[in-house]
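Structural overview
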Amino acid sequence: MPRKEVRQRAAARGALRAVKPGEAAPPKKPAPPKTVVQAAASGDQLALLESMQTRIAKTVDDPHTPARDLAALTRRLHEIAKDIAAIRAAAEGDEVADAADTPDEDFNGTDGV
C-alpha cells in the first residue's frame, strides 16, 4: 500500500500525529458526572443541570415514554438548556451587563473644557 494512502486512511480515522513546534494540546474539558446523583453530590450547579439534561433527553427519546409525559419533559428540557446557556454566558462575561453595572459619573456640562 502506498504511503500516501496509508496517511490518508490514518487521517480519516483520527490517528495520532506528531506535534508541531510550539503547538500545545487543546485543554481537556473535564467529563461531567455520569449520574444526576453524582452531579448533585459534587455541588456543581452546571454539572447537575447537564446531567439532568442528559437524563431527561434520554427519557424523551425513549419510545416507551408515555405521551402524556412528553410535554412536561420537553418543557423542562428547554428550561434546563436555557439555564445552562445562562450559566455559561455568565462565566464567559457579558459586556453589555458589565457596562450596565458600571456606575455613572457626575456630569457637569463643561465637556472637559
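Here goes a summary of the coordinates provided. (Residues numbered from 1 in each chain as written. Predicted model: local features only at pLDDT ≥ 70, side-chain atom pairs only at ≥ 80, totals over all residues. Heavy atoms only, no water.)

Let us look at the overall build of the protein chain. Scanning the protein chain for helices and strands turns up 5 helices and 0 strands. Looking at the protein chain as shown, the accessible area adds up to about 10,000 Å², and 56% of this sits on carbon and sulfur atoms. (Helix = DSSP H or I, 4+ residues; strand = E, 2+ residues; numbered from the N terminus. Areas by Shrake-Rupley, 256 points an atom, 1.4 Å probe, with all protein chains shown as cover.)

A few words on the environment of glutamine 53. Structurally, the position occupied by glutamine 53 is in helix α3 (residues 45-61). With sequence-adjacent residues up to four places away left out, glutamine 53 is seen in contact with Leu77, Ile80, Ala81 and Ile84. (Contact = heavy atoms within 4.5 Å.)

Under the 1.5 Å per step criterion, the end-to-end length of helix α4 (residues 67-92) is 38 Å for 26 residues, consistent within 8% with the ideal 38 Å. Buried within α4 are the following residues: Leu73, Leu77, Ile80 and Ile84. Against α3 lie the buried residues of α4. Following α4 by one or two positions, glycine 93 adopts a phi angle in the positive range, close to 95 degrees. (Expected span 1.5 Å × (residues − 1). Buried < 20%, exposed > 50% of the residue type's maximum accessible area, 1.4 Å probe, protein only.)

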